[in-house]
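Residue-level listing of the chains:
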Amino acid sequence: MLAGRQGVFRYSTEIKVFGRDKERATLRHLWAETESRRATVGFVHGPAGFGKTSLLRDFLAAISPAVVFQATCEVDEDAIAYGLVSQLLAGTSLPLPLVLAGVTAGEPAILDPLLVGAALLEFLGTASSSRLVIFVDDIQWADPPSVRALVFALRRMRRDRVLAVLCCRDDAVAGLPVGLLRLVSDVAVQVKLGGLQVDDALAIAEDLGRDELTRAAAARIVELSGGSPLHLRALLTEFTVGELAGDRDSLLPAPHSYADLIGARMADCSSETRDLVEAAAVLGDGLPLRLVARLGGVHDPALALEKSVAAGLLLPVVSRSGVCFEHPLTRSAVFHAIPTARRAELHRDAAVLLAMTDSIGSLRHRVAAAVGFDSALANDVASRADIDAGSGSWLLAAERFRLAAELSVPGSGPMRRFTLQMVECVAQGGELAAIDAARQSIARFEVSALREFTMGRLHALGGAWVAARDRLDAAWALVEPLEDPELAARICAELARAAIMRGRGADGATWAGRALAMQPQNAAVRDDTTALWALSLGIQGRSADALAMMTGLPETIADPSAAQLDQLAGRGMLSLWNADVSQARSDLSVVVAATRGRGPAYANLFAAQYLADAQYRLGDWDSSIVTAEDAAATARDLGNVWTLALLHAVASFPHSARGNFAQAAAHVTAAREAAALVDDVPSRLWTLVAAARLAHARRDFTGVIAALEPMRELKHLDGVREPGIQPWQPMLAAALISLGEFQSAGAVLDEAERFAAICHHPVQLLAVVRERARMHAAIGRPGEGAALLQTAGPLYASAAARPFERAKFDLAAGTVLRRCGRNEEAIAALRRAHAALLALRATPWLDEATAELSQFGAPTPGKDRGSLSKLTPHEVVVARLVRDGLTNREIAAKLVVSVKTVGYHLANVYDKLDVRSRVQLTNLIAGDVIGQPDHS
């Protein structure tokens, strides 16, 4: 039976589940999986009326789980932010985290779905000490913030005794949020409800007292109904067995449409009964009888309800369930049969009726009754959208702003304002499906600067930067800056963003400068525009200049404001590019932590990709993998394609360097697939570098050259040759040297040295010296290579925080010095390299260092960390946090996983390292930064 507020029908309580043996078995298997402490997800889908709800309720009754969190979604459920989460938690006696307590209490706090998801994860992890079931019926009607929070939690429940069963209509699957579709695709076991068969039809007939139905007649109605239990039941109810059996060659009478069936029932009712049923159709299921009667002007509601139940239209009111329809199609048939004018009148009256008790429902009815433009209604809808945005329901707010714009006079100030607010909410929400929907809506506007700007902004949010530039150019041609400086400034800022993403830093700086000149000092978008201007300088190799102008920001900030987050993210990126990687990690860690709690999600993903890169450069490879892979999962859930390529690319870097080639290759493939969906320079650059690094780690030097071949077309663009963003020239030179192409290698190194000198990038210069020394040795002049190495002292010192770069330099130095006969110096350099590479677990390079040391018969030095290589990146991070004194609950909150998942990882750590307590683990790794060598 379906229950709920708006737009949902109910099956009669007598409907039983026929057949479905395979589906029952699948659900029982999923339930059995939870016994082994494994969280599982089932996705049950089928056409409307195929018995999904009855099957699930029958299953729940059969297994009798210890705890059930259950919710039924409704057509207008998305009108209530976190309505699904509140419904799931309603009535629980278990203590709720503060965030969830606020959600269930309806407090108007600004809550990002990821924050609610993290709290839900914590709560369910605690509740799953006993096996539990999460059952969501008709999830296609759930509010978007709840869906995102639930998906976030379910993705991270790995070792919890939880079965989540999500139920959806077939015709709504394609329209589900991207994150939910990804969850279904990635981890869920799908339970598809097909049509019932002949034996099932015979069982239904017997249940209805039609046991004289022949098998041939059953086969005919199965074919006619498509196997729908609802249609089978309607046919068996409407027609006699004789009519259904008939002559084989005669045309089997089709059932009346539900409209005809319900229309006939309505015609037989009294006027008061019809008024009650029509009022219920307008209000929707679940409202109290007294309200329905007031709307319909019914004087004797009890009698009218009794007659409607007798007519097979409504169900009896039981407890607080309110007035509900008997069958799924009944409300629709009644609703659409009401004359248009009468239906509009009922909507207007419903708006008044609900004004004091259900402001959202009242507003919905006002909108349904509206004809033409209505400025007052538009303002009210926009006010509700402001509330939605304040609670973090960005996509719902965007939809309301879109509606407010459509209710406003075309070209008016309010229409323009609501349109801009809609786009900003879509940007905050970050879901690709919402971006596409908004673009389709805006495309219907008349051509104007506002429309072209909006379309350009939406194209940019979807990663289509060329299309975005074309639209923004059109907007700039149409706008009058003196008459509309705000819109003109916004157009300039977006043109700056498009220029940056297309590798044109000078253009970006010009457009950002124009935007700043037109924006008031207190403009809300000024911080973003300033960041764009700084990034324009950064991709031109002028990060130091940009950083010098970012004054007034403290070195560390514990609780940054929204404006400070923009500045921290900008300083973090520029510091990364300017070789101050420690400052980059500090700033970006704050941004990631803060935006994980309050959003927006796209800012969290944007900062996460550069934080993972900073962690990689610092040698904190386990944290880099965890940061990048977790953020990539979130980006996939949101359909955020323009961060996905970079996240998968940076996730591949440490895997490649460690020789984890299967994992690295999977990330490179995913990065390529994501990059193919967008047309920005960063995605292409990072993807090419990721492929080249994988080939280099495999010692596939031809593959390195092939991977970097497209750089010929890209390297004239800003940001591609800037060594602080993604250094690739020394790697290309190394491949050319290994293949004996020394002239080409020299040309690449000359170009790399020139740019590194201009940008004052010592780590890149160190890499150039390394490869030049190797080239000298390869062509038979190791002495010249050794002499060159001796000049690199200051450069080597500047790379103190870059253990992999120093280790590769020491490895090359040891090789060159050995060929010069300077054995003592060679052994010292190789031992430094070996120790650093062992700590990093950089297997391909470690094998080389071991082989070089074996030339001298020297033992491989350093502390034996072989046991640490057995740990996964998540296990390493958990072990490190245990060493730092955090409890399991604190670790779960920091990593955004369940407490049981932390316990699972920790148990694996104990087993792999042969320790039995936190004290033993701490003593074992005290003073030892797992995965990071000593930088001294």
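Reading guide: rules and limits
Residues numbered from 1 in each chain as written. Predicted model: local features only at pLDDT ≥ 70, side-chain atom pairs only at ≥ 80, totals over all residues. Heavy atoms only, no water. Helix = DSSP H or I, 4+ residues; strand = E, 2+ residues; numbered from the N terminus. Buried < 20%, exposed > 50% of the residue type's maximum accessible area, 1.4 Å probe, protein only. Contact = heavy atoms within 4.5 Å. Areas by Shrake-Rupley, 256 points an atom, 1.4 Å probe, with all protein chains shown as cover. pLDDT = per-residue confidence, 0-100. Expected span 1.5 Å × (residues − 1). Pairing = 2+ DSSP bridges. Axes fitted to C-alpha atoms, helices over the stretch in contact; angles between N-to-C directions. Parallel < 35°, antiparallel > 145°, perpendicular 65-115°, else oblique. Left-handed = near helix turned anticlockwise from the far one by under 90°. Nonpolar A, V, L, I, M, F, W, Y, C, P; charged D, E, K, R; others polar. Salt bridge = Lys/Arg side-chain N within 4 Å of Asp/Glu carboxyl O. Phe/Tyr/Trp six-rings, centres within 6.5 Å; stacked < 30°, edge-to-face > 60°.

Student: Requested: an account of the overall build of the protein, with residues and values cited.
Tutor: Of regular secondary structure, the protein possesses 49 helices and 5 strands. For the protein, with 936 residues in total, the buried portion stands at 57%. Counting only contacts in the protein whose residues sit at least 6 apart along the sequence, the fraction spanning at least 24 positions is 69%. For the protein, the accessible area works out to roughly 36,600 Å², and carbon and sulfur atoms hold 54% of it.

Student: Any chance you could break down the confidence of the model for the protein for me, citing the residues and the numbers?
Tutor: With 87% of its residues at a pLDDT of 70 or more, the protein has an overall mean of 82. Here residues 1-18 is a poorly scored stretch, pLDDT under 50, and it has 85 contacts once near neighbours within four places are set aside; other chains count. Ignoring residues within four places in sequence, the model shows residues 247-255, a span with pLDDT below 50, making 18 contacts including any to other chains.

Student: How would you explain helix α20 (residues 394-407) if you had to name every residue and give the values?
Tutor: With 14 residues, α20 extends 20 Å between its outermost C-alpha atoms, agreeing within 8% with the 20 Å of an ideal straight helix rising 1.5 Å per residue. With 11 of 14 residues buried, α20 is to be regarded as a mostly interior element. Looking at α20, one finds that the buried residues are Trp394, Leu395, Leu396, Ala397, Ala398, Arg400, Phe401, Arg402, Ala404, Ala405 and Leu407.

Student: Help me get a handle on the side chain of serine 543, residues and values and all.
Tutor: Within the fold, serine 543 resides in helix α28 (residues 543-548). A relative accessible area of 3% places serine 543 in the buried class. Each residue touching serine 543, except ones within four places of it in the same chain, is listed here: Leu537, Gly538, Leu574, Trp577 and Asn578.

Student: Please set out the side chain of histidine 776 residue by residue, giving values where relevant.
Tutor: Inspection of the secondary structure puts histidine 776 in helix α40 (residues 762-778). The buried category is assigned to histidine 776, whose relative accessible area is 18%. Aside from chain neighbours lying at most four places away, what touches histidine 776 is Arg781, Pro782, Glu784, Gly785 and Leu788.

Student: So, unusual backbone geometry: which residues are in play, and what are the values?
Tutor: In terms of backbone geometry, most residues other than glycine have negative phi values and most peptide bonds are trans. At aspartate 138, a position not held by glycine, the phi torsion is positive, near 55°. On the secondary structure map, aspartate 138 appears in the loop between β3 (132-137) and α6 (144-155). Of the residues examined, aspartate 138 reaches a relative accessible area of 2% and is grouped as buried. The phi angle at alanine 579 is positive, at roughly 75°, despite the residue not being glycine. Its place among the elements puts alanine 579 in the loop between α29 (562-577) and α30 (581-598).

Student: Give a description of the environment of alanine 398 that names residues and reports values.
Tutor: Tracing the chain through its elements places alanine 398 in helix α20. The exposure class of alanine 398 is buried, given its relative accessible area of 5%. Those residues within four positions of alanine 398 in sequence are excluded, and the remaining contacts are Met422, Cys425 and Val426.

Student: Residue-level account of the sheet that holds strand β1 (residues 40-46), with values.
Tutor: Read from one edge of the open sheet, 5 strands run β2-β3-β4-β1-β5, paired in parallel fashion. Pairing within the sheet leaves two strands with one partner each, and these edge strands are β2 (67-72) and β5 (189-192). Neighbouring strand axes in the sheet, compared pairwise and without regard to direction, differ in orientation by 15° on average. When β2 meets β3, the two strands line up parallel, connected through 6 bridges. Bridge pairing in β3 links threonine 72 to aspartate 137.

Student: For the environment of aspartate 137, give the residues involved together with the corresponding values.
Tutor: Turning to its location among the elements, aspartate 137 is positioned in strand β3. Residue class for aspartate 137 comes out buried when judged on its relative accessible area of 0%.

Student: Summarise the packing of α20 against helix α21 (residues 413-429); cite the residues concerned and give the values.
Tutor: Interaxial distance between α20 and α21 falls to 8 Å at its minimum, and their mutual angle equals 160°. It follows that α20 is roughly antiparallel to α21 by the angle criterion. Here the hand of the crossing between α20 and α21 comes out left-handed. Contact residues: Trp394, Leu395, Ala397, Ala398, Phe401, Arg402, Ala404 and Ala405 in α20; Met415, Phe418, Thr419, Gln421, Met422, Cys425, Val426, Gln428 and Gly429 in α21. For the contact of α20 with α21, a count of residues per class yields 12 nonpolar, 4 polar and 1 charged.

Student: Residue-level account of the pattern of salt bridges, with values.
Tutor: With the rule as written, the count across this model stands at 36 salt bridges. Arginine 585 serves as the salt-bridge partner of aspartate 620, at 4.0 Å between the closest nitrogen and oxygen. Here aspartate 620, found in the loop between α31 (601-617) and α32 (621-638), pairs with arginine 585, found in helix α30; they are 35 residues apart in sequence, far enough to count as distant. For arginine 841, the salt bridge goes to aspartate 622, with nearest N and O atoms at 2.9 Å. Taken together, the residues arginine 841 in the loop between α44 (823-840) and α45 (843-854) and aspartate 622 in helix α32 connect sequence positions 219 residues apart.

Student: Give me the lowdown on helix α23 (residues 449-461), citing residues and values where you can.
Tutor: The first and last C-alpha atoms of α23 sit 18 Å apart over 13 residues, in line with the 18 Å expected at 1.5 Å per residue. The buried fraction of α23 amounts to 13 of the 13 residues, a majority that puts the element mostly inside the structure. Phi turns positive one or two residues past the end of α23, at glycine 463, with a value near 85°.

Student: How would you explain the environment of glycine 463 if you had to name every residue and give the values?
Tutor: Inspection of the secondary structure puts glycine 463 in the loop between α23 and α24 (465-478). Sequence separation between glycine 463 and aspartate 679 is 216 residues; the distance between their C-alpha atoms is 6.6 Å. Other than its neighbours up to four places away in sequence, glycine 463 contacts Trp642, Val678 and Asp679.

Student: Tell me what's going on with the packing of aromatic side chains, and back it up with residues and numbers.
Tutor: Applying the stated criterion across every chain yields a total of 11 aromatic pairs. For the ring pair tryptophan 577 and tyrosine 610, a centre distance of 6.3 Å and an interplane angle of 70° mean the geometry is edge-to-face. Of this pair, tryptophan 577 sits in helix α29 while tyrosine 610 sits in helix α31, and the two are 33 residues apart along the sequence. With respect to burial, tryptophan 577 and tyrosine 610 carry one shared label: buried.

Student: Explain the packing of α31 against helix α33 (residues 641-658) residue by residue, including any values.
Tutor: Between α31 and α33, the shortest axis-to-axis distance is 9 Å and the interhelical angle comes to 15°. Relative to α33, α31 is oriented roughly parallel. Along this stretch, α31 crosses α33, giving a crossing that reads as left-handed. Of the residues in α33, those touching α31 at Leu605, Phe606, Ala608, Gln609, Tyr610, Ala612, Asp613 and Tyr616 are Trp642, Thr643, Leu646, Leu647, Val650, Phe653, Pro654 and Ala657. Partitioned by chemical class, the residues of the contact of α31 with α33 number 13 nonpolar, 2 polar and 1 charged.

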